[in-house]
Amino acid sequence: MEPLSFKVKKLQAPTDISVDFSLQLVGSLPVHSLITMPMLPWIVAEIRRLSMQSSMEEPSTSQIRLYVSPVSLRCEPDTGKSQQWDPLICSSLFEYKPQHVLKLIHNSHDPSYFACLIKDGAVNQQSICYVFRAADPTKVPEIIGSIRQAGKIARQEEFQNNPSEVEDPFSKKFEVLFCGRVTVAHKNAPPALIDECIEKFNHVSCTKKLEFNSLSQQRETANNSGGLSFSDKLRSVFQPLVGEEEEKRPIRKSYSQPGLRSFSFKRDLQDGSCRSNSFASSFDETETSLNLKRQLGYGHNVVQPTDIAGNRTMLFTIGQSAVYLISPDTKKVALEKSFKEISFCSQGIRHVDHFGFICRESSGNGGCYFVCYVFQCTDEALVDEIMMTLKQAFTVAAVQQTSKAQLQLCEGCPMQFLHKLCEKIEGLHPSKTKLELQKHLTTLNNQEQAALFEQVQKLRPRNDQKENELIIAILRNMYEEKQKDHVHIGEAKQASQPCGETTGNEMPSSASRFRLDMLKSKAKRSLTESLESILSRGSKARGSLESSGSVDLDSSSTLGSTSKEPSLCEKEGPLPETPAKTNGSVGDVSSDPVSHPIEQPDKLPQQGFRRRANTLSHLPIEYQESLEPVETSPSVPQRKLMSDYESKQSQLDVGNDTPVRTRRHSWRQQIFLRVATPQKGCDSPSRHDDYSELGDLPPRSPLEPVCEDGPFGPVKEDRKRTTRELRELWQKAILQQILLLRMEKENQKLQASENNLLNRRLKLDYEEITPCLKDVTLVWEKMLSTPGRSKTKIDMETIHSAVGRGVPRHHRGEIWKFLAEQYHLKHQFPSKQQPKDTPYKELLKQLTSQQHAILIDLGRTFPTHPYFSAQLGAGQLSLYNILKAYSLLDPEVGYCQGLSFVAGVLLLHMTEEDAFKMLKFLMFDMGLRKQYRPDMTILQIQMYQLSRLLHDYHRDLYNHLEEHEIGPSLYAAPWFLTMFASQFPLGFVARVFDMLFLQGSEVIFKVALSLLGSHKPLILQHENLETIVDFIKNTLPNLGLVQMEKTINQVFEMDIAKQLQAYEVEYHVLQDELIDSSLNDNQRMDKLEKANTSLRKQNFDLLEELQVANGKIQNLEATVEFLLNNESKLKQSILTLELERKALLQTVEDLRTQTGSPGGKHLLTRQECMDAN
């Protein structure tokens, strides 16, 4: 077979990944769909054997080219010519979807071979196994990785294209407060467990508060007394100060779960509590497991409260098979528990707004423990809804699990027997594998044994390995035939007619008889194994058995292990009877430790490479001796080997004088046992292969060479290092570790910076409407870089001109904040309705009653944008935080449909907290919150104003719409509630927001009027209501870039502020007239009298205020006059003092002149100057 070149051809398009490989197709074989990973190596060996047989009869090289893409997995003959694949010229050998690849296996003995198990869609309950060979073995992992990646992409695309066929993984979402967790002793608990947990949380909170206060007092005392001793300082750093009783107990770290308490105790215990730095670390399983193991070892009930000062809000999501706890703060899944791990759910009795569940968690030593998680909701109704949803989810999951049970294996499935057998012999030496196969064949009936013996004798395998492969192939065919007629144990009761006997195994038709037979056989095997283990221990104790084929080191290892471990019968359960037992020989076979490999638990293995543990059949490396395997030569008759073996067994039986009687066999079994005799003196070699490059690979092939000293030759003995060398090594290791930590920090910074850039690029993934030139960008950058810009007013004409010329997309968020600052500088006095100045982080810690409406609208907000498309991704969680915080800040509005689009546009251009501030600015300062009130009165006024604008500016369009009874509420309501974001492109919406920050809410009227006016001829062409509304809703938003830019330019030139005010007054007048017209004379008189009384009262109040104001004015005028008089007097005093000062200076100058000396000026003393004055 000629070696084939390996070529990989990759396309450039990242969305259409396609690679092709030049390989050799060894062969294929149709198999049952219940084939498991331990069976695959034997199927691969069978395919290779059949391929060698066919190549000997008809030599041919099957060179193929395997094309791997997310669309298909296609195999075609390799013609050696680089040309496009044409279905008319080249015939494809097979073609499957990559998601139908069930399993992939890589032969560890011969790395150039690999196989894939593919689901055959044409035949029910059948799969096909293909075996390939690559010329370069190092490329096989890349091929396997490409197939897996293609299947993953195909499954994702299938889920996106057909979302209705796959159940939503996050079907129900609820916002809860995570209170904490408590370890419990059992998987079930009384109904009062939740109340007890809350009491424990409160107790821990109070204890931590007292400890914190005492610690702070001790620190103050130490500071006053001059400091702490060195031991006290060390203790204060690494261990909190505790009482005497606490010091006697083992020290418990607070690690990632600091003080937890119920939400009702927040006000009392908020100050002075010990807190952690990050709430997300509460779910760090690596840190938690250390503390839990330590405390569970001492029998402590571990209580782990959460930090009340941190953000404890979580999204409790119930999926189709698991529950998730997602943190909107960290944007990560904090906890994931499948339904199988949850054993108990309950609601609080006294604390009805709390609920919790008990689930199983694994510890580091392989064990498990139970933990109760406790949560709090806004009210009792929400807890009832969560409990009902959990009940429904559990019921649906149970029904789905029952419906899928037919595809699984029951205890009586023939394929389950084959799976256990392959799992048991996995990795064993051929001789030991042969012995296990002999033990398994005794469970077959006489007809099956005879048929199997005839097939083996017909092919005459040349060694043990070939014989084992042949036997497994025959058993697989036999069990696959049985599986077709098999009825599962759970289905036997429901069967209306008794099922027939299975082929070969003579299983009873009744399920009860079948179970009884199984119990009898298990009891029989268990008794036999118990007797054998007793006899083997007795023979070892006497030490009278030392045959030439046995290994002393193995026996000593077995004795040492059996003294510490339970017996084989207890550890592995009943084993099938072996051929050696039927012959009555107990010496070598029953006492040999390799004849009883420890069986793994009866469960399907994971599809990954599993290193074998230190068992009786696989001793530690340092205690194994390399033994050369003894293989039967094809020229030596097997009859002779059998006679030698029987003679040795008889000698051993005489020496041991065992009371076990010889069991009689049929003549077919005797013939088979003469042929299938195991060889002695062979032990399974140790395996040391490095699979770091291949990742998670399937189990090994049954072919294993014996390695005497390991994979890298003989092991050299290391000399003992000196103290100096060890110190140098330690210093070098420490320096390398410090350098590694620094490099990791730098890498994290670079990764964070790169992620931020990618995230920002993802947010701004839209097409600009008005291209921003370089000089305009420089103007904006200059204004943004103005020192103290938040307190510096800039000419509004300059800002208007800059916004009209364009806004750079990458600076748009900063420009919006800049426009908000300029608005605040222009309007020094804020509006009357201002919200409470509650920090954004504090709002996120609370629960909102609007959670259902917000969570429903998350998936409807920009569903096609990549930042918001991921369900409960970073975009949707950030949007949820903003909407939730505003609903808590403004309870009157709460949440209204349309707000999610406004917040989403802001979030695309700035950070989460800045987007919340800008949303608050638009709602309160710009006055947008009026249209989101529950009564929607302002929205009705806006619809009237838009109709009046159309009537005044486009009369023919107004008449056409009125003729077909089309009001503005049919098409314009989403424009006002979402600022055109729900229907128009993001580039156009961004320009609308530019003008919105500059001019206010009247921009919406301008844009709507410009859009309808510019498309008036097209609207007038439609003659019915449906087509007109469809055009305005669907065709109008898809206008071109030129038309969009023309609309924006028209908006800058329009001024309709006065008309809008007049229309609003007109609306109120018409509303009052409408109300008056519906009243009679008496009601109208009463109303007028009430209005008159109210006006008189207001008049009197105004008169009183006017009198008070006049009095204040008179007082202020008198004060001003008094201050003016004082000012004139002070000015006169200042003039007098100035004249006096000038006179004194002149006198000083005269005195200096009179008393001057020829050598220089003589300075007078202070007393002389005083006398002169």
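For the structure, check the block above.
All values derive from a computational prediction rather than experimental measurement.

A.B. asks: Describe the overall build of the chain, listing the residues and the values that go with them.
C.D. replies: Within the chain one finds 41 helices and 15 strands. With 1173 residues in all, the chain has 43% of them scored as buried. For the chain, the exposed area adds up to about 65800 Å²; of that, 53% sits on carbon and sulfur atoms.

A.B. asks: I'd love a proper account of the packing of helix α22 (residues 774-784) against helix α24 (residues 812-826), names of residues and values included.
C.D. replies: Two elements in contact, α22 and α24, have axes whose closest approach is 11 Å; the angle formed by their N-to-C orientations is 55 degrees. Relative to α24, α22 is oriented oblique. In this structure, the crossing between α22 and α24 has a hand that is left-handed. Two secondary-structure elements touch here, α22 through Trp780, Met783 and Leu784 and α24 through Glu814, Ile815 and Phe818. Grouping the constituent residues of the contact of α22 with α24 by class yields 5 nonpolar, no polar and 1 charged.

A.B. asks: So, the pattern of salt bridges: which residues are in play, and what are the values?
C.D. replies: Two side chains with opposite charge may pair up if their charged atoms get near one another. Counted under the stated rule, the structure contains 35 salt bridges. A salt bridge links Lys1006 to Glu1002; the shortest N-O distance between them is 3.2 Å. You can see Lys1006 and its partner Glu1002 sitting in helix α35 (residues 1002-1014), 4 residues apart, about one turn around the helix. Classification of Glu1002 by relative accessible area gives buried; the value is 18%. Residues joined in a network through salt bridges with shared partners are Arg789, Glu814, Lys817, Glu821 and Asp914.

A.B. asks: Pulling in residues and values, what's your account of the pairing of strand β11 (residues 322-327)?
C.D. replies: Consecutive residues of a regular strand have side chains that alternate between opposite faces of the sheet. Counting buried residues in β11 gives 6 out of 6 residues, a clear majority hidden from the surface. By the alternation rule, side chains of β11 split into Ala322, Tyr324 and Ile326 and Val323, Leu325 and Ser327, which are all buried. Both strand β10 (residues 313-318) and β11 contribute to a ladder of 4 bridges, which runs antiparallel. Looking at β11, one finds that Leu315 is bridged to Ile326. From the end of β10 to the start of β11, which pair antiparallel, there are 3 residues. Both β11 and strand β12 (residues 332-338) contribute to a ladder of 6 bridges, which runs antiparallel. Among the inter-strand pairings, Ala322 is bridged to a residue of β12, identified as Ser338. Taking the residues between adjacent antiparallel strands as the criterion, β11 and β12 are bridged by 4 residues, where Lys331 takes a positive phi near 60 degrees.

Conventions and cut-offs
- Residues numbered from 1 in each chain as written.
- Predicted model: local features only at pLDDT ≥ 70, side-chain atom pairs only at ≥ 80, totals over all residues.
- Heavy atoms only, no water.
- Helix = DSSP H or I, 4+ residues; strand = E, 2+ residues; numbered from the N terminus.
- Buried < 20%, exposed > 50% of the residue type's maximum accessible area, 1.4 Å probe, protein only.
- Areas by Shrake-Rupley, 256 points an atom, 1.4 Å probe, with all protein chains shown as cover.
- Axes fitted to C-alpha atoms, helices over the stretch in contact; angles between N-to-C directions.
- Parallel < 35°, antiparallel > 145°, perpendicular 65-115°, else oblique.
- Left-handed = near helix turned anticlockwise from the far one by under 90°.
- Contact = heavy atoms within 4.5 Å.
- Nonpolar A, V, L, I, M, F, W, Y, C, P; charged D, E, K, R; others polar.
- Salt bridge = Lys/Arg side-chain N within 4 Å of Asp/Glu carboxyl O.
- Pairing = 2+ DSSP bridges.

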